[in-house]
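# Examining the three-dimensional arrangement
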Amino acid sequence: MKWLSILAALVAAFCLALGSERQSVGVRRNETTLRLHPRSGIFTLFRSPVWLAGGALMVAGIVLNVYALATAPLTVVQPIGAVAVVITTVLNARIQHLRLNRVTIGAIAACVAGSAGFADRDGRH
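Bear in mind that the values here come from a model prediction, so they are computed numbers and not experimental data. (Residues numbered from 1 in each chain as written. Predicted model: local features only at pLDDT ≥ 70, side-chain atom pairs only at ≥ 80, totals over all residues. Heavy atoms only, no water.)

## Regarding a nonpolar patch on the surface
Among the surface-exposed residues, Ile 42, Phe 43, Phe 46 and Leu 52 lie close enough to one another that they form a single nonpolar patch of about 390 Å² accessible area. The topology assignment puts Leu 52 in helix H3 (residues 49–71). For Leu 52, a relative accessible area of 39% translates into the label partly exposed. (Patch = residues over 30% accessible without salt bridge, like charges linked within 9 Å, V, L, I, M, F, W, Y side chains within 5 Å. Areas by Shrake-Rupley, 256 points an atom, 1.4 Å probe, with all protein chains shown as cover. Salt bridge = Lys/Arg side-chain N within 4 Å of Asp/Glu carboxyl O. Helix = DSSP H or I, 4+ residues; strand = E, 2+ residues; numbered from the N terminus. Buried < 20%, exposed > 50% of the residue type's maximum accessible area, 1.4 Å probe, protein only.)

If you want it as structure tokens, here you go:
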């Protein structure tokens, strides 16, 4: 059962990272409208398929994360959420055609190792 919770937390991290990126794209596409009409312009986002898809991914990620938290200990699920930072970093680098430098790769490795260490430590108890 714990492995299903871990999988749910990992898929949630992907959904949250991708949903955040899609919503960011939706905002950038409607940036001029949002600047010209700050109050009413926000409603243009509700007509943006990209922004709505991002919102749907965010909701899916939240639901999966709640499931994972309800079925596994916090010390197992929460560190996996840090993987969303890694996914977001790599995804944005790919989209913007940037190469990851050594410092960034080291930070990503530390984040993954720390998450794995927390999940493994709890599994031994």
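## Comments concerning the packing of aromatic side chains
The tally for this structure, following the rule as stated, stands at two aromatic pairs. Relative to Phe 46, the ring of Phe 43 has its centre 6.4 Å away and its plane inclined at 35°; by these criteria the two rings are tilted. Aromatic side chains Phe 46 and Trp 51 sit 5.1 Å apart centroid to centroid with 75° between the ring planes, which places their arrangement in the edge-to-face category. On the accessibility criterion, Phe 46 (47% relative accessible area) is partly exposed. Through a chain of ring-to-ring contacts, three or more aromatic side chains come together here, namely Phe 43, Phe 46 and Trp 51. (Phe/Tyr/Trp six-rings, centres within 6.5 Å; stacked < 30°, edge-to-face > 60°.)

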